[in-house]
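So you can see what is in the structure, the chains are spelled out below.
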Amino acid sequence: MDKAARIYVAGHTGLVGSAIVRKLESDGYHNLLLRTSNELDLRDQRGVAGFFPRGKA
Ligand SMILES: NC(=O)c1ccc[n+]([C@@H]2O[C@H](COP(=O)([O-])OP(=O)(O)OC[C@H]3O[C@@H](n4cnc5c(N)ncnc54)[C@H](OP(=O)(O)O)[C@@H]3O)[C@@H](O)[C@H]2O)c1
């Protein structure tokens with residue numbers, strides 16, 4: 001995968017998400033998209049749909 005690929009990691013403040021971020025960063029992925037639950041509540045369907053533009057990578 002392209003090291004510049006934009007990657008959203010859910011739960012990056014938590015145990016699992018923070019470990020995933022560390023692994024991705026150590027592997028050279030630098031375009032990580034990180035949001036707290038206050039910034040993006042994954043239970044909010046409308047908010048999630050707005051966060052991920054359709055048809056864009
Ligand atoms: N830890 C394990 O060993 C383990 C094993 C199997 C499965 N899991 C599952 O993996 C997931 C993560 O586990 P974890 O141990 O990393 O949990 P955690 O340390 O409690 O972290 C939870 C993360 O989820 C985010 N989050 C919670 N509610 C959210 C919402 N409504 N919208 C967006 N983000 C939200 C939190 O963000 P904020 O801090 O911004 O609120 C936080 O970053 C859980 O579903 C857990 O059941 C964990």
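Look up: the structure comes first, before these words.
Quick caveat: nothing in here was measured; it's all calculated off a predicted structure.

J.: Mind laying out the overall build of the protein chain, listing which residues take part and the relevant values?
T.: Broken down by element type, the protein chain carries 2 helices and 2 strands. In terms of principal-axis extent, the alpha carbons of the protein chain reach across some 35 × 30 × 10 Å. Across the 57 residues of the protein chain, 25% fall into the buried class. When contacts within the protein chain are restricted to residue pairs at least 6 apart in sequence, those whose partners lie at least 24 apart make up 48%.

J.: Describe the nonpolar core, and please don't skip the residues or the numbers.
T.: Listed in full, the 7 residues of the largest apolar core are A5, I7, V9, V21, L24, Y29 and L32. Apart from residues no more than four positions distant in its own chain, V9 is found in contact with G17, I20, V21, L24, L33 and L34.

J.: Which residues make up the pattern of salt bridges, and what are the values?
T.: Considering all chains together, one arrives at 2 salt bridges under this definition. One salt bridge in this structure joins D27 and K23, with 3.3 Å as the shortest N-O distance. With relative accessibility at 32%, the residue D27 sits in the partly exposed group. A salt bridge links D41 to R43; its shortest N-O distance comes to 3.0 Å.

J.: Describe the packing of aromatic side chains, listing the residues and the values that go with them.
T.: With the rule as written, the count across this model stands at 3 aromatic pairs. With 5.6 Å between their ring centres and 75 degrees between their planes, Y8 and F52 make a pair best called edge-to-face. Taken together, the residues Y8 in strand β1 (residues 7-8) and F52 in the segment after α2 (45-51) connect sequence positions 44 residues apart. Taking relative accessible area as the criterion, Y8 reaches 21% and is therefore assigned partly exposed. Judged by its relative accessible area of 39%, F52 falls in the partly exposed class. Judged by centre distance (4.9 Å) and plane angle (85 degrees), the ring pair of F51 and F52 falls under edge-to-face. An aromatic cluster is present here, built from Y8, F51 and F52 joined pairwise through their rings.

Cut-offs used in this document
Residues numbered from 1 in each chain as written. Predicted model: local features only at pLDDT ≥ 70, side-chain atom pairs only at ≥ 80, totals over all residues. Heavy atoms only, no water. Helix = DSSP H or I, 4+ residues; strand = E, 2+ residues; numbered from the N terminus. Buried < 20%, exposed > 50% of the residue type's maximum accessible area, 1.4 Å probe, protein only. Contact = heavy atoms within 4.5 Å. Core = buried A, V, L, I, M, F, W, Y, C linked by side-chain atoms within 4.5 Å. Salt bridge = Lys/Arg side-chain N within 4 Å of Asp/Glu carboxyl O. Phe/Tyr/Trp six-rings, centres within 6.5 Å; stacked < 30°, edge-to-face > 60°.

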